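Residues per chain, in single letters:
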Amino acid sequence: MSTTEPTTRGVAALDFAGLTTLRATDPGAIARAWAARARRPLLGADGRMLLVAADHPARGALGVRGDATAMASRADLLRRLATALSRPGVDGVLGTPDVLDDLLLMGALEDKVAIGSMNRGGLQGASFELDDRFTGHTAAEIVARGIDGGKMLTRIDLQDPGSAATLEASARAVTELAAHGTMAMVEPFWSTRRDGKVVNLLDPDSTIRSITVASGLGATSAYTWLKLPVVDDLERVMDATTLPSLLLGGDPQGDPRDTYASWGRSLAIPQVRGLVVGRALLYPPDGDVAAAVDIAADLVHGGGA
């Protein structure tokens, strides 16, 4: 089965045309639905979390493996997300306002953790890609709608002056979210440009540097979490912080079994509290979203997920 034909395993037929009709005729329904949404604690009894990520399209990043437009269909993406969120052990989703609002209107966010993606301005491949300015959720909107946290991409390039503005904006968001007791999820990378392309440096020492900078952002770290890549020597890397951290899946490459094994080893580190995975779970090679999600849920929560 191709990655464009997800196995949904019983997810009800979804009325995507109805979403557009509702948006056109009753836009206030979104605010009402956020106000009425059933919420849950950020963490369950085991203190771990599995989130599905769906904020890539807002940066123009639509590719999965060799398919440059794999995420281009919103109906297909929402169907995959609905499948993932219906599975036991999936705690919630990370997304931009458009995606979260769609899922909300579909009823898929009830009793789920919802994390808003705050800065999507550094479009993939742009000359201004490292200008990660805040174009999505604001701290005020996250608090007003009862969204459970805000995530900020924070890439640091010592040769790019735009990194200073990104750091300042991320620090401000951490402070504003913490003032309301709301999670701030900082996703740091030590980055550079090679042949005009932004490259995140994923060696252990560069990752440690990114962690130490990100951990110090904002007026308090009380509500700060980190979203980090799986890199070599991860135990030494994670020793750079006491902040609770979620590991990201990244652009899936190679055998999924190797990816799952890597996640499993990483989850044994005390600072690692779970996973935030998008394309690797939503677009598995065999198209079986439910099966891929179930494997990740078992890794995060154990056999009782």
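This text gives an overview of the structure that appears in the document. Predicted, not measured: the structure shown is a model, and the values here were computed from it.

Concerning the pairing of strand 3 (residues 113–117)
Inference 1: Of all five residues that make up strand 3, five are buried, and the element is covered over most of its length.
Inference 2: Along strand 3, one buried face is formed by Val113, Ile115 and Ser117 and the opposite face, lined by Ala114 and Gly116, is buried too.
Inference 3: Bridge analysis of strand 2 (residues 92–95) against strand 3 gives four bridges, and the strand direction is parallel. By the bridge assignment for strand 3, Val93 is matched with Ala114.
Inference 4: Handedness of the β-α-β unit built from strand 2, helix 4 (residues 97–105) and strand 3 comes out right-handed.
Inference 5: In this structure, strand 3 lies alongside strand 4 (residues 149–156), joined through three bridges in parallel fashion. Across the sheet, residue Gly116 finds its bridge partner in strand 4, namely Gly150.

Concerning the pattern of salt bridges
Inference 1: In total, this model carries 21 salt bridges according to the counting rule given.
Inference 2: The shortest N-O distance in the salt bridge between Arg87 and Asp294 comes to 2.7 Å. With Arg87 in the loop between helix 3 (74–85) and strand 2 and Asp294 in helix 11 (residues 289–301), this residue pair connects regions lying 207 residues apart in the sequence.
Inference 3: Overall, Arg87 belongs to the buried group, its relative accessible area being 19%.
Inference 4: Residue Asp294 is classed as partly exposed on the basis of its relative accessible area of 25%.
Inference 5: Two residues, Asp132 and Arg155, come together in a salt bridge whose shortest N-O distance is 2.7 Å. Linking Asp132 in the loop between strand 3 and helix 5 (139–145) with Arg155 in strand 4, this pair joins segments that are 23 residues apart in sequence. Assigned by exposure class, Asp132 and Arg155 land together as buried.
Inference 6: One continuous salt-bridge network, built from bridges that share partners, spans Asp55, Arg120, Lys151, Glu187 and Lys227.

Definitions and cut-offs
Residues numbered from 1 in each chain as written. Predicted model: local features only at pLDDT ≥ 70, side-chain atom pairs only at ≥ 80, totals over all residues. Heavy atoms only, no water. Buried < 20%, exposed > 50% of the residue type's maximum accessible area, 1.4 Å probe, protein only. Helix = DSSP H or I, 4+ residues; strand = E, 2+ residues; numbered from the N terminus. Pairing = 2+ DSSP bridges. Right-handed = clockwise from strand over helix to strand, strands pointing away. Salt bridge = Lys/Arg side-chain N within 4 Å of Asp/Glu carboxyl O.

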